[in-house]
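Chain by chain, the residues run as shown.
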Amino acid sequence: MSVTINKKFVGQFIKEHELSNIAASAEAALSLVRAKTGPGADFLGWVDLPVNYDRDEFARIKAAAQKIKKMCDVLVVIGIGGSYLGARAFIEYIKSNNYNSLHGDCPEIYFAGNSISASALSDIIKMCEGKDICVNVVSKSGTTTEPAIAFRIFRDLVVSKYGEDGARERIFATTDKARGTLKAFADEKGYETFVVPDDIGGRYSVLTAVGLLPIAVAGIDIDALMAGAAAAREEYMSRGFSDNAALQYAALRNILYRKGKDTEILVSYEPAAQMLSEWWKQLYGESEGKDGKGIYPSSVVFSTDLHSLGQFIQDGKRNLFETVIDIKSPKDSLKVPHDPLDTDGLNYIANRELDEINHKAMLGTLLAHVDGGVPNIVVETPDRSEAEAGRLIYFFELACAVSGYMLGVNPFDQPGVESYKKNMFALLGKKGSEERGRELEARIAAL
């Protein structure tokens, strides 16, 4: 099984010779990734991760997940950006976007520390009332504002409920292997720790302890997940352009970008893929959006969003293209009942599978949007199993790195992210930034 690219719905926008002409560029970019000689090479640890991971830590992750499942009704995962998006995305993609209502014998999992909203955090606290809780705080440094605030609050909650000794058994820290505020604090308190690798950035970290611990707590087979990623690595790192889906996706994106298509919409037809889209948006937006360049990543879930954004996509500004995730085999089976009175006029689809109807909706939409001048790349994946999810993760990560190199940027840094933090710290009066804070306050007052 494999992720494949269907080019039928992009063919009228990209000629075969354009693909042929860019193939060498894609293969050169892959060579930079393979040899680890391109910009940001210090953050290419994810490339070999599926076959070169720490087996001892992997075993500890599985043991900790079993401990959490036995001990807790709720796991609160504290992190922001890549520290939570991958875990949430693939828990929902593999299991369900309604996981917390259908969790079975696994704990409910809530994600905190990804905003500074008092209401959002209060809601999670309320959902934990009367339940046994564990906490997994995920932060390389331990000083990132949003998760640090949430950790203060949930650590106090756990300590007040179970005491310091009980908290020691219920708090797990995923952080730097040797240094940083959180690592020092966790060691002092005796919390079990897992490693955020030095050579893997947050948005590429889903197959590290960052994503694997919460994913394992959800009852997902992380051995199969890693095996799928390993199979994808073997396939994409060894094949040439003509039979390499990751290179073709990167190339198609770059050709369309050069034709003025600077907005990409990731389309899914399963609500369970909504958070996958959020993970994808960080992966591509943070990797490519720099130096005045980049394809703006957006997302929709069809057919739902056809009733809100469909008009714009069909007839709006022609600067966009779509990438459609086509899941070939459904997770569940459900048929349309027959109505003897045919009150709603739907008997023409009675006794037909909803997945078949969903597929026809996809085909109809593809044709309509292509007719409206919107190129569509179709990424086909066999199903939502652990192994195929692992393949999909590696496919998108590798294609992102290749695409970034083809675009001429460093796909592994994020210098622009620091600007808002400096302003926020200054406005809050952080020590050492008081003067800047006064300057910013004056600028705001003058607006």
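Look up: the structure comes first, before these words.
Residues numbered from 1 in each chain as written. Predicted model: local features only at pLDDT ≥ 70, side-chain atom pairs only at ≥ 80, totals over all residues. Heavy atoms only, no water.

Caption draft 1: Summary view of the side chain of Asn410. Its place among the elements puts Asn410 in the loop between α13 (386-407) and α14 (418-428). What makes Asn410 buried here is its relative accessible area of 19%. Polar side-chain contacts of Asn410 include one of 2.9 Å to the backbone nitrogen of Phe412. (Helix = DSSP H or I, 4+ residues; strand = E, 2+ residues; numbered from the N terminus. Buried < 20%, exposed > 50% of the residue type's maximum accessible area, 1.4 Å probe, protein only. Polar contact = N/O pair within 3.5 Å; in protein donor to acceptor, adjacent residues only side chain to side chain.)

Caption draft 2: Seen up close, the environment of Gly38. The topology assignment puts Gly38 in the loop between α1 (16-35) and α2 (55-71). A relative accessible area of 10% places Gly38 in the buried class. Setting aside residues up to four positions removed in sequence, Gly38 forms contacts with Leu32 and Tyr405. (Contact = heavy atoms within 4.5 Å.)

Caption draft 3: Main features of a nonpolar patch on the surface. Judged by side-chain polarity, Ile116, Ile149 and Ile153 come together as a nonpolar surface patch covering roughly 240 Å² of accessible area. Along the chain, the position of Ile153 falls in helix α5 (residues 145-170). (Patch = residues over 30% accessible without salt bridge, like charges linked within 9 Å, V, L, I, M, F, W, Y side chains within 5 Å. Areas by Shrake-Rupley, 256 points an atom, 1.4 Å probe, with all protein chains shown as cover. Salt bridge = Lys/Arg side-chain N within 4 Å of Asp/Glu carboxyl O.)

Caption draft 4: Fine view of α1. The first and last C-alpha atoms of α1 sit 29 Å apart over 20 residues, in line with the 28 Å expected at 1.5 Å per residue. Of all the bends found along α1, the most pronounced is centred on Ile22 and spans about 35 degrees. When α1 is considered as a whole, its buried residues turn out to be Leu19, Ile22, Ala23, Ala26, Ala29, Leu30 and Val33. For α1, the elements touching its buried residues are α8 (222-238), α9 (245-258) and α13. Among the residues trailing α1, Lys36 stands out with phi positive, at a value near 60 degrees. (Expected span 1.5 Å × (residues − 1). Bend = angle between axes of the 7 residues up to and from the residue.)

Caption draft 5: Looking closely at the sheet that holds strand β8 (residues 296-301). Spatially, the five strands line up as an open sheet ordered β1-β10-β9-β7-β8, and their pairing is mixed. Each edge of the open sheet carries a strand with a single partner, namely β1 (4-6) and β8. Geometrically, the sheet is characterised by an average inter-axis angle of 25 degrees between neighbouring strands, direction not taken into account. The pairing of strand β7 (residues 263-268) with strand β9 (residues 320-327) spans six bridges and is parallel. Pairing of Ser268 across the sheet is with Ile325, part of β9. Here α9 sits on the sheet and contacts β1, β7, β9 and β10 (376-381); the angle it forms with β1, its principal contact strand, is near 40 degrees. Packing of α13 onto the sheet brings it into contact with β1, β7, β9 and β10, and relative to β10 it is tilted by some 145 degrees. (Pairing = 2+ DSSP bridges. Axes fitted to C-alpha atoms, helices over the stretch in contact; angles between N-to-C directions.)

Caption draft 6: A look at the packing of α5 against helix α6 (residues 181-189). The contact between α5 and α6 brings their axes to 13 Å, and the two run at 25 degrees. One element, α5, and the other, α6, form an angle in the roughly parallel class. In this structure, α5 contributes Phe151, Arg155, Glu164 and Arg168 to the contact, and α6 contributes Leu182, Phe185 and Lys189. Considering only residue class, the contact of α5 with α6 consists of three nonpolar, no polar and four charged. (Parallel < 35°, antiparallel > 145°, perpendicular 65-115°, else oblique. Nonpolar A, V, L, I, M, F, W, Y, C, P; charged D, E, K, R; others polar.)

Caption draft 7: The nonpolar core, seen in detail. Residues Val33, Trp46, Phe90, Trp279, Phe395, Phe396 and Leu398 are the most contacted members of the largest nonpolar core, which totals 114 residues. When residues in this core are grouped by element, the largest group, 13 residues, is from α13. If sequence neighbours within four positions are ignored, Phe396 has contacts with Tyr249, Leu266, Trp279, Trp280, Leu283, Tyr284 and Ile325. Core analysis: the next-biggest nonpolar cluster, separate from the first, contains 22 residues, Ala112, Leu121, Ile124 and Ile171 among them. (Core = buried A, V, L, I, M, F, W, Y, C linked by side-chain atoms within 4.5 Å.)

Caption draft 8: Representation of the packing of α1 against α9 within the structure. Between α1 and α9, the least distance of the axes is 9 Å, while the angle of their chain directions is 120 degrees. On the basis of their axis angle, the class for α1 and α9 is oblique. Viewed along their axes, α1 and α9 form a crossing whose handedness is right-handed. Between α1, through Glu18, Leu19, Ile22, Ala26, Glu27 and Leu30, and α9, the contact on the second element is made entirely by Leu247, Ala251, Leu252, Asn254, Ile255 and Arg258. (Left-handed = near helix turned anticlockwise from the far one by under 90°.)

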